[in-house]
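Given next are the chains, with one letter for each unit.
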Amino acid sequence: MPRTTVCGTIARGFSNYLVVHELGHIFDNQADQGGNQSITDALAGGMFTIQDQEFYWVMGHHTVVPCGPGRNAAPVGWSRGERGWGSGPSSIYASQGIDERCQNPTLPNFTDFQQNPPPHQVASGLTVLEASYQESAADMFLNWTYRIQMQGGFRNRTWKPNERDAEGYCNRPDGCDDNQTLNPPSSNRNSGDARFNWMNDFMQLTLIRLIPSLE
Ligand SMILES: [Zn+2]
């Protein structure tokens, strides 16, 4: 058990949300005992992806992404995504109107339910992608913890910089309704529910494994 938990600077302030995020790291560190899977291991897994109810990508590995006229497509990669978190957006981007997978985030945007979004300050020995898995794991734990108590967490909202409603692009503090007015038009996407369902399944299996008396 690590005696201290370090997660970048806490210039963003010390809050209940940050405490739960840090507890997420501790849980994650313990969950892979005996060669089992941590949240980080699951997110990094070769097949890992979360899709919404209409099979649009929410989080994880993604295929080639078209990035619009005059821009190269984004290659196959991995991203935490800008839909379904309890608050957002994750990051500040150089360009509105362009999918987050098509550009590098310029600054992290710290909000209640995204306590360490990209770009990350990388600790020694970690790659940027490894840091991204770990910080996304801690934020998934944070959102699940609040959502299961119905105190916040995962929501069916989008903060993608290329989606917009009548008020403009969705990468603003109130985001957009995930189920309306987006491109492509859709009616039942529910990205927050998709994140919750994945995480809830993972946590149930993991808690039963770690605490056999729960079974
Ligand atoms: Zn962290």
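Refer to the structure presented above.
In what follows, the accompanying structure is described. This one's a predicted model, so the numbers in the text were calculated from it and none came from an experiment.

**Concerning the sheet that holds strand β1 (residues 49–51)**
Inference 1: Read across the sheet, three strands follow the order β1-β2-β3 without closing on themselves; strand pairing throughout is antiparallel. The open sheet terminates on both sides in strands that have one partner only, identified here as β1 and β3 (77–79). Each neighbouring strand pair of the sheet contributes to a mean axis angle of 30°, computed without reference to strand direction.

**Considerations on the packing of helix α3 (residues 128–148) against helix α4 (residues 191–210)**
Inference 1: Interhelical geometry of α3 versus α4 gives an angle of 95° and a closest axis separation of 10 Å. If you check the angle between α3 and α4, you find them roughly perpendicular. Between α3 and α4, the contacting residues are M140, N143, W144 and R147 on the first element and R195, F196, M199, N200 and M203 on the second.
Inference 2: Considered class by class, the residues forming the contact of α3 with α4 number five nonpolar, two polar and two charged.

**Concerning the pairing of strand β2 (residues 57–62)**
Inference 1: As paired strands, β1 and β2 are joined by three bridges and run antiparallel to one another. Directly across from T49, in β2, lies its bridge partner G60.
Inference 2: Note that β2 and β3 share three bridges and pair antiparallel. Residue H62 lies in a different strand from β3, and its bridge partner there is G77.

**Notes on the environment of I26**
Inference 1: Summarising the element assignment, I26 is placed in helix α1 (residues 16–31).
Inference 2: With 14 C-beta atoms counted inside 10 Å, the residue I26 sits in the partly exposed group.
Inference 3: Once the C-alpha coordinates of I26 and A138 are considered, the two residues, 112 residues apart in sequence, prove to be 8.7 Å apart.

**A short note on the nonpolar core**
Inference 1: Ranked by size, the top nonpolar core spans 26 residues in total, and within it I39, L43, A137, M140, F141, L142 and M199 carry the most contacts.
Inference 2: Elements supplying a minimum of two residues to this core: α1, α2 (39–44), β2, α3 and α4.
Inference 3: Considering every element that reaches this core, the biggest residue donor is α3, with seven residues.
Inference 4: The contact partners of I39, leaving out residues within four places of it in the chain, are D28, A31, A137, M140, F141 and F202.

Reading guide: rules and limits
- Residues numbered from 1 in each chain as written.
- Predicted model: local features only at pLDDT ≥ 70, side-chain atom pairs only at ≥ 80, totals over all residues.
- Pairing = 2+ DSSP bridges.
- Helix = DSSP H or I, 4+ residues; strand = E, 2+ residues; numbered from the N terminus.
- Axes fitted to C-alpha atoms, helices over the stretch in contact; angles between N-to-C directions.
- Parallel < 35°, antiparallel > 145°, perpendicular 65-115°, else oblique.
- Contact = placed C-beta atoms within 7 Å.
- Nonpolar A, V, L, I, M, F, W, Y, C, P; charged D, E, K, R; others polar.
- Buried ≥ 20, exposed ≤ 12 C-beta atoms within 10 Å, placed from the backbone.
- Core = buried A, V, L, I, M, F, W, Y, C linked by C-beta atoms within 7 Å.

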